[in-house]
Each structure stands twice: as structure tokens, then as C-alpha cells.
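Structural characterization, general
What follows is each chain in one-letter form.
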Amino acid sequence: MESHIAITTDINIADAYQMLVDPKSGGICTFIGTVRDLNNSKEVNNLFFEAYEKMALLKMEVLAEEAAQKWPLNKIVIIHAIGKKEITEPVVFIGTSSVHRDAAFQSSRYLIDRLKEVVPIWKKETYQDHSTWINAHP
Amino acid sequence: MKVHAFGVAKDITGAAMIDFPMEETFVKVKDFKDLLYQKYPDLINLPSLAISVNLFYASEETVINKHDEVALIPPVSGG
């Protein structure tokens, strides 16, 4: 299994996809988390992401290893963005490639769910008149 | 002891890196948190506050050496 783990200011989706291409894989599953315009009925202006980079990268590596133990995967890509992100911009990219689709679907779901629970990254939402850090997990 | 602070914890402490006074070389996480809450009472109001030691989530019983890399981890919200 090959993995590509990164924290970056801008996610290049085409490049991220190319890292999943693999002659032994019959299925590639990707999830892209993007900035939406409403949260709890409040109009969001933009988001700002901050990471504890060293620990976040380590946690993302561990999640990739866990996924590779649970499913037969050939490639794993986990990329998270930091800094200011506008509506519709990608903030997280999860990709898995495997011989068959079941492993690719299940592992990508696992990776995004676990990332949201344990990886030390924080999101600040800015609305029309104020901004606030989001406390999601736990 | 140098302590990293992130997200809302950084707003409460006022800095990304705080210099936390430690008399002893070793301290348990739970005792460190008590001292922390005395100095920054607003941290108590967070839904949770994890402590990482050398890039791993620590338990309340984990012993911190004052030279370890310690960070305040408020509830995460990536993705």
C-alpha cells in the first residue's frame, strides 16, 4: 500500500486523483469536503482552518495504516487544507484505490469519519458580523 | 514549560505558544490541567480539552516531563 498524506494551503484535485491511479486497482473512491454557504441557518462568509501540523500528519498516517489493515487497498491519499477557504472550495480530499469497489467505498468513509474525530485540525466560521471556532468532536 | 495552544484555546490563552511555569520536572496531566484552569478559567467552559504529549493524546494519568512537547487540543473540527 502506498499513501500520500499532506496538509496544504490549496488542494489540487487533479493531482490528488493522479496519485490514486494504479494498474492493480479496479475502483477508486474519492471524497471531497467543501465549504458550504449555510451552517445552522446562518450565512457563512468563509472558513479558516488551523492545524497542529506535526500531530495531524502523524494521525493521518496512523489512520491510513488502520485502513490498510482493514481493507485490501493499493493507494491512499489524505490531504487537508489550511488557511482561509471560500464557499465551494475543497478543504479535504480522501481517496482510496483497491481491486474492488467495496473496499474503496468503505475505507474512504472510514477515513473521513475518523479524520473528523481525531485529527487536530480546527475550523473557524466567519459570518456577516462575527466569527467563531467550531467545537465538533468530542 | 512551553505549551502549544490551538483554535479556541489559543484565543483564551492569548498566544499560540505559552510559557507555563512549572516547579517540578514531572507532572501528571490531570494536575497540569488543574494548574492550567487556575490560570485560564475560561478553558473550563470548553466541551472538552485534550492534552497531547509528544504528538500523542495523553490520558489524565500520563506523566509530563517539562521538556516534552505539550499542546492544548480543544474539540477538533477538521474535514
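Since the model is a prediction, treat every value here as computed from it, not as a measurement.

Conventions used here
- Residues numbered from 1 in each chain as written.
- Chains lettered and ligands numbered in written order.
- Predicted model: local features only at pLDDT ≥ 70, side-chain atom pairs only at ≥ 80, totals over all residues.
- Heavy atoms only, no water.
- Helix = DSSP H or I, 4+ residues; strand = E, 2+ residues; numbered from the N terminus.
- Contact = heavy atoms within 4.5 Å.
- Pairing = 2+ DSSP bridges.
- Axes fitted to C-alpha atoms, helices over the stretch in contact; angles between N-to-C directions.
- 1 Å grid on protein atoms, 1.4 Å probe; cavity = no way out; pocket = protein on both sides within 12 Å on 5 of 7 lines; lining within 4 Å.
- Points joined across faces, edges and corners; volume = space filled by probe spheres on them.
- Nonpolar A, V, L, I, M, F, W, Y, C, P; charged D, E, K, R; others polar.
- Salt bridge = Lys/Arg side-chain N within 4 Å of Asp/Glu carboxyl O.

A closer look at the environment of A:Ala56
All names here are of chain A. Mapped onto the fold, Ala56 is located in helix 2 (residues 53–70). Between the alpha carbons of Ala56 and Val118 there is a distance of 8.7 Å; along the sequence they are 62 residues apart. Leave out the neighbours within four places in its chain, and Ala56 touches Ile7, Val119, Pro120 and Ile121.

Overview of the sheet that holds strand 7 (residues 90–98) of chain A
Working definition: the strands of a sheet are paired by backbone hydrogen bonds and lie parallel or antiparallel to each other. Residues and elements named next belong to chain A. In spatial order, the strands read 1-5-7-2; together these four strands make up an open sheet with mixed pairing. With one partner strand each, in any of the chains shown, strand 1 (2–8) and strand 2 (27–34) form the two edges of the open sheet. When the angles between neighbouring strand axes are averaged without regard to direction, this sheet yields 5°. Direction of pairing for strand 2 relative to strand 7: antiparallel, over a ladder of eight bridges. Looking at strand 7, one finds that Gly33 is bridged to Val92. Helix 2 rests against strand 1 and strand 5 (73–81) of the sheet, and its axis sits at about 155° to strand 1. Against the sheet, helix 3 (residues 101–118) contacts strand 2, strand 5 and strand 7, and its axis sits at roughly 145° relative to strand 7.

Re the sheet that holds strand 1 (residues 2–5) of chain B
Residue and element names in this part refer to chain B. One open sheet accounts for five strands, arranged 2-1-7-4-5; its pairing is mixed. Across the chains shown, the open sheet's two edge strands, defined by having one partner strand only, are strand 2 (17–19) and strand 5 (56–57). Across three bridges, strand 1 lies against strand 2 in antiparallel orientation. Each residue of the ladder has a partner; that of His4, found in strand 2, is Met17.

Focus: the layout of surface pockets
Taken as a whole, the largest pocket encloses approximately 280 Å³ of empty space. Forming the walls of the largest pocket are 16 residues, and the residues nearest its centre are A:Thr34, A:Arg36, A:Lys116, A:Lys123 and B:Gly79. By residue class, the composition of the lining of the largest pocket is eight nonpolar, four polar and four charged.

A short note on the pattern of salt bridges
Tallying each qualifying case throughout the model produces 12 salt bridges over all chains. Note that A:Asp113 is salt-bridged to A:Arg109, the shortest N-O span being 3.1 Å. Of the two residues, A:Asp113 and A:Arg109 both sit in helix 3, four residues apart, roughly one turn of that helix. Among the salt bridges present, the one from B:Lys33 reaches B:Glu60, with a minimum N-O distance of 3.4 Å. Of this pair, B:Lys33 sits in helix 2 (residues 29–39) while B:Glu60 sits in the loop between strand 5 and strand 6 (63–65), and the two are 27 residues apart along the sequence. A network of salt bridges, in which partner residues are shared, links A:Asp10, A:Lys85 and A:Glu89.

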